[in-house]
Amino acid sequence: SINFCPNCGHDLSAYKQAEVLRSFDELYCDALNTIAKHKKVSTSILQKELRIGYGRAARMMDKMEEDGLISSADGAKPRTVIFDALKKHLAEQIT
């Protein structure tokens, strides 16, 4: 069966394992839209914009890095948004 994020239609079919699907954050799609507005992103930006705690924001940042949408961590500096990858990722969710 095909699963979609109830908030934005994000295709969850890549999350085949039940454990991974359960760990999908329903605010992840909102977080992607948030980083699309910024050249740099940090956990504190996600915390402020999405009104979430540090742990949740950090997990989202890890997922974005894993998905190739933001640069890797460089100490406490904000991460760079990789716009080409983000545009491709968002476009795939629309089709």
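Residues numbered from 1 in each chain as written. Predicted model: local features only at pLDDT ≥ 70, side-chain atom pairs only at ≥ 80, totals over all residues. Heavy atoms only, no water.

Some points on helix α3 (residues 43–50)
Right, so step 1: For α3, the set of buried residues is T43, L46 and L50. Here the buried residues of α3 occupy an arc of 65° about the axis, which is enough to place them on one side.
Right, so step 2: Summarising the contacts, the buried residues of α3 are in contact with α2 (28–35), β1 (40–41) and α4 (54–66).
Right, so step 3: Within two residues after α3, R51 carries a phi angle of roughly 55°, on the positive side. (Buried < 20%, exposed > 50% of the residue type's maximum accessible area, 1.4 Å probe, protein only. Helix = DSSP H or I, 4+ residues; strand = E, 2+ residues; numbered from the N terminus. Arc of directions from axis to C-beta. Contact = heavy atoms within 4.5 Å.)

Some points on the confidence of the model for the chain
Right, so step 1: The pLDDT averaged across the chain works out to 79; a share of 72% of its residues lies at or above 70.
Right, so step 2: Taken as a whole, residues 17–22 scores under 50 in pLDDT and shows four contacts with residues more than four places along the chain or in a different chain. (pLDDT = per-residue confidence, 0-100.)

Thoughts on the nonpolar core
Right, so step 1: In terms of nonpolar packing, the biggest core is built from 17 residues, with L32, I35, V41, L46, M60 and M64 touching the most fellow members.
Right, so step 2: Apart from the residues within four sequence positions on either side, V41 is in contact with I35, L46, M61, I70, P78, R79 and V81. (Core = buried A, V, L, I, M, F, W, Y, C linked by side-chain atoms within 4.5 Å.)

Focus on the packing of α3 against α4
Right, so step 1: Closest axis-to-axis distance for the α3/α4 pair is 9 Å, and the angle between their directions is 120°. One finds that α3 runs oblique with respect to α4. Seen along the crossing, α3 lies across α4 with a hand that is right-handed. In contact with T43, L46, Q47 and L50 of α3, α4 contributes Y54, A57, A58, M60, M61 and M64. (Axes fitted to C-alpha atoms, helices over the stretch in contact; angles between N-to-C directions. Parallel < 35°, antiparallel > 145°, perpendicular 65-115°, else oblique. Left-handed = near helix turned anticlockwise from the far one by under 90°.)

Thoughts on unusual backbone geometry
Right, so step 1: The phi torsion at R51 lies on the positive side, around 55°, for a residue other than glycine.
Right, so step 2: Along the chain, R51 falls in the loop between α3 and α4.
Right, so step 3: Its relative accessible area of 76% is what places R51 among the exposed residues.

Focus: the environment of S72
Right, so step 1: Its place among the elements puts S72 in the loop between α4 and β2 (79–80).
Right, so step 2: Taking C-alpha positions, S72 is 8.8 Å from D62, a pair spaced 10 residues apart along the chain.
Right, so step 3: Residue contacts for S72: discarding those within four places in its chain leaves E65 and R79.

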